[in-house]
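The chain contents come next:
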Amino acid sequence: MQPIRLTVNGDKHEVTVDPRDLLVYVIRERIGLTGTNVGCLTGDCGACTVTLDGRTAKSCSVLAVTADGSEIRTIEGLASPAGLDPVQEAFWKENGFQCGYCLPGMLLATRELLDEDPDPAEEDITRTIDGNLCRCTGYTTILRAVRTAARRAQHRDERPERP
Amino acid sequence: MTASTPAAGIGASTRRRDGAALLTGRARYVDDYRPHGLHYAAVVRSTVAHGRIRSVDVSGAETAPGVVLVLTGEQAARHAGPIPYFISPATRGGREVDIRCLEPELVTYVGQPVAAVVARSRVEAQSAAAAVRVEYDSLPHVLDADTALLPDSPRVYPDWQDNVVFAKTYGAGDAEEALHGADVVVSGEFRIARSTTAPVEPRGYVASWDATDEALTVHGSCQNPHQLRYMLSASLGLAESAIRVVTAKIGGSFGLKMQGLPEETLVCLLSMLSRRPVKWIEDRRESLMSGAREQIHRIRVGAKADGTITGLVNRIVADAGAMTAQAGWAMCNMSASTFPSGYRVPDCRVELRLVATNKPPLSAARGFGKDAAHFVMERAVDLVARRLALDPGEVRRRNFIRAGEFPYRTATGLNIDSGDFAGLLDKAQAAIDYPAVRELQRRRREQGRPLGVGIAFELTPESSDSPGTFVSGFDTTTVRMSLTGRVTVLTGVTSPGGGNDTGIAQIVGAELGVPVEWIDVVQGDTDRCPTGFGNFSGRSMVVGGGSAALAARDVRATLRTVGARLLERDPEACEVVDGTVRSVSEPDCAVPVPEVAHAVLTRAFAAAAEVEPVLESTRAYKPGNIDHRPDELGRIQPYPTYSSCLHIAVVEVDAETGKVDVVDYAMAHDCGTMINPDLVEGQAWGAITMGIGSALTEQLVFDAGGRLVSDRFKSYLLPRAGDVPEFRLEHQVTPSPFTMHGNKGAGEAGVGGAQAAVANAVEDALAPVGACVRSLPLTPPVVLDLIEEATR
Ligand code: FES
Ligand code: FES
């Protein structure tokens, strides 16, 4: 067993982990944030996605010990006290989810994309979503949601986002 | 008279009520429940496809760290009886066997649960499970349904005389005679490989046995909480009143999570015996074992020279895998009875045999067998068109049941309530610009680039009722208003993730005359909701919505009576609108609903004198058209209503690699009145994508020993965003005369139509070489084989 420090959604945590523990289970069961989901444990579905030091990562494919000292953002950390993130708003507006199980990957990957490029090309949008499986939506509304979020991101400077 | 704000009433695309919880990660799926003292279970599964258990050695597991219980099949059988069937094959003239939560004697597939372990942690449970040693006396196994029908085949269940689970013939007229008189007869053998539903959330259960109160609480990812409670009571010998089943937020289901699976009873038994809360969440490998479909159809279809189909004979061999208490085995019934779909073919005979093999069982799957009928029927219609050199759209138009002919009784006995199938074809062809796409195809062919256009019609019988089973055609809802006007809707239908709670709230808001924000919907809790049947067969909005409307009307009537008294008006002259009771002729003469509710409940002997002071009603809704009295041919009519749609897929085939790309797709869809168009569209897109997956990439592959090889998402390939085009969706609304709101059920339509449209499109793309598509999925090697076979 080994102590590690993690900052999750701004809160500092110190937890003792087995070297074999996967980050996804440490986040879910030790830190108690269950918004990060498990769909495959093989890195294929993206339901376990978190942001690890600024980059999205599939937390089922990360050993918790290797994340020692890192800053993590989970789906719970996407909204701010002021309200939902524009990406969340766009997914809600466009019906970009049904059961919601895939949302950690869909939302955090979209956020990362728009942080890097507020005006992404179509191929980049598809590539971003391609790493995450959704069995419910058929992706059409997810792609629409990403585009809507991108439009909002671009217009944010000109006109304030409605809550 | 009802009214409501346009953003919320029936027909509005109200956004999902649970959106904020889902988008912020607050929604609780089954794996998110962690009661105090929680322990974890792992299941030991058979490693042979067929065999008798000789010994189970648990010594290594019992002494492993953290282990509190190891249970064998023999021990489990002392505490738990067989699991009752969701739909009993025996009552349909078929065969059944006892299904146990852990098999004590005879294993019939690789993966069958034979022992289980409870430990402090998931990892400890898994390591201990790996330490259980089971020895088997292997028996010969059979993995293929055709082989299983041979007289000398191994028998999956040794005391059966053969491997046939169930056999039945469907249809009417004289099909052989019709074929005899036809100008052309096309025939073919069509195979649908085994695929699976694969929701991203696997199945799971958390059982907590309270030894003091002798009460069991189960949280589960399950579509049918009340059926689960009954079946746990039967298999565990507990009173139903001692069991509470709560179906958590569900991460997709598609039939997989219908009730009847061995682990449901198992996890509860483990909790009772270990006296600890126990969680079991299946891993992806376990989840992928459940088959969704696997059939062979041998069909002959006769037609006149003008394309009129005159007769159809089909022999279906459906592969059940091993037996299951879940509803999955019964899907083949619908494959048979959905023929001849929406076409006028009075002379039709379908012979069905369901065959046991040594593969894992089928679980119910979106489409519920109807999907297979569409792949085959639509292939057959295309073969007729090709043989006669007619446009495939025109052949369909010629054979469709006409818009004026409804209700129309098909040869297999289904009484189709309403529709306009030619109208759907017009809309889909317009959406895709059919002449333009054919022109594109011509140009591409000149360049040697295969592009194909595939058309497929799909009829989706919905909201079924099967007499004497838990497949119920009605459901029940309570609408309850509190002192403050807050409304709680408790309904027997559940949501697998599609969001029908939003649609039900819209209906209640409209019927009750209050804003949708005042309404809470409670689903999936046997202690709170009225006895109901959960979700399957596109029923939730038909019967959940219908019963909610009836209950809401009762409450509205009381509000109106008492509100009118407060206003000193005649109730007949008042209405409940936007959260107020008001005079119809003087809208300013109004009183807020919360004030009326308060008066009903606090002034029962004054303002509410002579009124029964209850703001609550529980009502059941039974749609029309269902008729279980067998007609002269023994046919029953188990469906109130029939959705329909028409698909057009455009594909490009890479002749070098065999890869198929779906480049454009249109669907014209008719599910009658739409309660919430956004929810309907979401269902349709999801179903089409699932159909494209099983048409092109998804296949459960077993090795010669019956072991699942495609056991993860790297080898079982679900469509990703880059694999599907953005869909064009057109709506047509022919309201059902047999349901309260004219809605027909949405959610299943798409799977079979997409399989058929993609298959037809691939064949159309390869028409210049003369290839014939006979099987799904059309993976690159299969497509290359098709090309080679045709050019040989
Ligand atoms: S659970 Fe991590 S990618 Fe699927
Ligand atoms: S919404 Fe269910 S998996 Fe994406």
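All figures in this text were calculated on a predicted structure; none of them were measured in a lab. In this numbering scheme, every chain counts its residues from 1 along its sequence in written order. The naming scheme follows written order: chains are lettered A onward, ligands numbered 1 onward. Local features in this predicted model are restricted to residues whose pLDDT is 70 or higher, and side-chain atom pairs enter the listing and the counts only when it is 80 or higher, whereas totals over whole chains, interfaces and linings include all residues. With hydrogens and water stripped out, all remaining heavy atoms of the structure feed into the side-chain values.

*Asks:* It is not clear to me how the packing of aromatic side chains should be interpreted in this structure. Could you clarify?
*Replies:* To describe a pair of aromatic rings, you give the distance between the ring centres and the angle between the ring planes. Here is the rule: rings of Phe, Tyr and Trp (six-membered ring for Trp) pair when centre to centre is within 6.5 Å. Planes less than 30 degrees apart are stacked, more than 60 are edge-to-face, and the remainder are tilted. If you walk through the whole model with that rule in mind, you get 17 aromatic pairs over all chains. Summarising the aromatic geometry, the rings of B:Phe400 and B:Phe421 are spaced 5.8 Å apart at their centres and angled 70° between planes, so their arrangement reads as edge-to-face. Note that B:Phe400 is positioned in the loop between α12 (392–399) and β16 (408–409) and B:Phe421 in helix α13 (residues 421–432), a separation of 21 residues in sequence. A relative accessible area of 1% means that B:Phe400 is categorised as buried. Whether a residue is buried, partly exposed or exposed follows from its accessible area with a 1.4 Å probe, protein chains only, as a fraction of its type maximum: under 20%, in between, or over 50%, in that order. A relative accessible area of 0% means that B:Phe421 is categorised as buried. Over the aromatic face of A:Trp92 sits the side chain of B:Arg15, whose NZ or CZ is 3.5 Å from the ring centroid. The rule is short: NZ of Lys or CZ of Arg within 6 Å of the ring centre and within 35 degrees of the ring normal puts a charge over the ring. The ring of B:Phe536 has B:Arg539 sitting right over it, with the charged end atom 4.7 Å from the ring centre. Secondary structure elements follow DSSP: runs of H or I of four or more residues count as helices, runs of E of two or more count as strands, with numbering from the N terminus.

*Asks:* What's the story with the domain arrangement of chain B in this structure? I'm lost.
*Replies:* How large an interface is tends to be reported as the accessible area lost when its parts come together. Residue and element names in this part refer to chain B. Domain extents, as shown, originate in an automatic or database domain assignment. Domain boundaries assigned for chain B yield domain 1 (19–27 + 474–621), domain 2 (37–139 + 199–287) and domain 3 (368–376 + 389–466 + 635–791). On a C-alpha basis, the centres of domain 1 and domain 2 stand 39 Å from each other. Any two residues whose heavy atoms approach within 4.5 Å are treated as being in contact. Across the boundary between the two partners, domain 1 contributes 19 residues, which contact 16 residues of domain 2. When the area that domain 1 buries against domain 2 is broken down by residue, the three leading residues are Pro-496, Gly-524 and Thr-526, summing to 37%. In this description, buried area is defined as the sum, over both parts, of the accessible area (probe of 1.4 Å) that is lost when the two are combined.

*Asks:* Any chance you could explain the UniProt feature "domain: Aldehyde oxidase/xanthine dehydrogenase a/b hammerhead" (unreviewed entry) in chain B here in plain terms?
*Replies:* UniProt positions are given in the numbering used here, feature names are shortened, and annotations may be inferred rather than shown by experiment. Sites flagged by UniProt as "domain: Aldehyde oxidase/xanthine dehydrogenase a/b hammerhead" (unreviewed entry) map to residues 24–140 of chain B. Structurally, residues 24–140 of chain B comprises 17% helix and 30% strand, and the distance from its first C-alpha atom to its last is 52 Å.

*Asks:* Honestly, the nonpolar core in this entry has me stumped. Any pointers?
*Replies:* For our purposes a nonpolar core is just a set of buried Ala, Val, Leu, Ile, Met, Phe, Trp, Tyr and Cys residues, chained together by side-chain atoms within 4.5 Å. Judged by nonpolar contacts, the single largest core of 186 residues is most densely connected at A:Phe91, B:Tyr665 and B:Ile692. Within the second largest apolar cluster, 43 residues are counted, among which are B:Ile504, B:Leu567, B:Ala608 and B:Tyr621.

*Asks:* Sorry, what's going on with the pairing of strand β1 (residues 39–45) of chain B here?
*Replies:* Within a regular strand, the side chains alternate between the two sheet faces. All names here are of chain B. Counted residue by residue, β1 has seven buried out of seven residues, so it is predominantly covered. Here, a strand pair is defined by DSSP locating no fewer than two bridges between the strands. Of the strand pairs in this sheet, β1 and strand β12 (residues 278–281) are connected by two bridges, and their pairing is parallel. Across the sheet, residue Tyr-40 finds its bridge partner in β12, namely Lys-279. One ladder, built from six bridges, connects β1 with strand β5 (residues 113–119); its direction is antiparallel. For Ala-42, the partnering residue across the bridge sits in β5 and is Val-117.

*Asks:* What am I meant to see in the interface of chain B and chain A here?
*Replies:* Residue-level contacts link 51 residues of chain B with 46 residues of chain A. Together, the buried faces of chain B and chain A total about 4,200 Å²; carbon and sulfur atoms form 54% of this surface. Broken down residue by residue, the surface that chain B buries against chain A is led by B:Leu23, B:Val200 and B:Arg720, which jointly contribute 18%. Here A:Arg135 ties to B:Glu698 by a salt bridge, and the two come within 2.8 Å at their closest N and O atoms. Polar contacts here mean pairs of N or O atoms no more than 3.5 Å apart (in protein, one a potential hydrogen donor and the other a potential acceptor; neighbouring residues in sequence count only if both atoms are side-chain atoms). Between chain B and chain A we count 25 residue pairs in polar contact (both at pLDDT 80 or more) in total. Contributions of two or more residues to the side of chain B that touches chain A are made by α1 (19–23) and α18 (677–696) of chain B. A per-element tally of the side of chain B that touches chain A places α18(B) first, with eight residues. In what follows, salt bridge is the name for a side-chain nitrogen of Lys or Arg lying within 4 Å of a carboxyl oxygen of Asp or Glu.

*Asks:* What exactly am I supposed to notice about the packing of helix α11 (residues 370–388) of chain B against helix α19 (residues 751–765) of chain B here?
*Replies:* The relative placement of two packed helices is expressed as an angle between their axes plus a distance between the axes. Residues and elements named next belong to chain B. Running from N to C, α11 and α19 cross one another at 30°; their axes reach a closest spacing of 7 Å. Our classification of the angle between α11 and α19 gives roughly parallel. Here the hand of the crossing between α11 and α19 comes out right-handed. Packed against α11, whose contacting residues are Asp-371, His-374, Phe-375, Glu-378, Arg-379, Asp-382, Leu-383 and Arg-386, the element α19 presents Val-751, Gly-752, Gly-753, Gln-755, Ala-756, Ala-759, Asn-760 and Glu-763 at the interface. The class makeup of the residues in the contact of α11 with α19 is five nonpolar, five polar and six charged. Between the N-to-C directions of two axes lies an angle of 0 to 180 degrees, each axis being a line fitted to C-alpha atoms and, for a helix, fitted only over the stretch in contact. Roughly parallel covers angles under 35 degrees, roughly antiparallel covers those over 145, roughly perpendicular covers 65 to 115, and oblique covers all other angles. Note on convention: the crossing is left-handed when the near helix lies turned anticlockwise from the far helix by less than a right angle, right-handed when the turn is clockwise. As a working rule, the residues Ala, Val, Leu, Ile, Met, Phe, Trp, Tyr, Cys and Pro are called nonpolar, Asp, Glu, Lys and Arg charged, and the rest polar, with Gly in that last group.

*Asks:* Would you mind showing me how to read the pattern of salt bridges here?
*Replies:* Residue and element names in this part refer to chain B. Counting across every chain of the model gives 78 salt bridges over all chains. Asp-426 is the partner of Arg-397 in a salt bridge, and the nearest nitrogen-oxygen pair spans 2.7 Å. Of this pair, Arg-397 sits in helix α12 while Asp-426 sits in helix α13, and the two are 29 residues apart along the sequence. Arg-397 sits in the partly exposed class, given a relative accessible area of 24%. When salt bridges that share partners are traced, they join Arg-45, Arg-203, Glu-263, Glu-282 and Glu-286 into one network.

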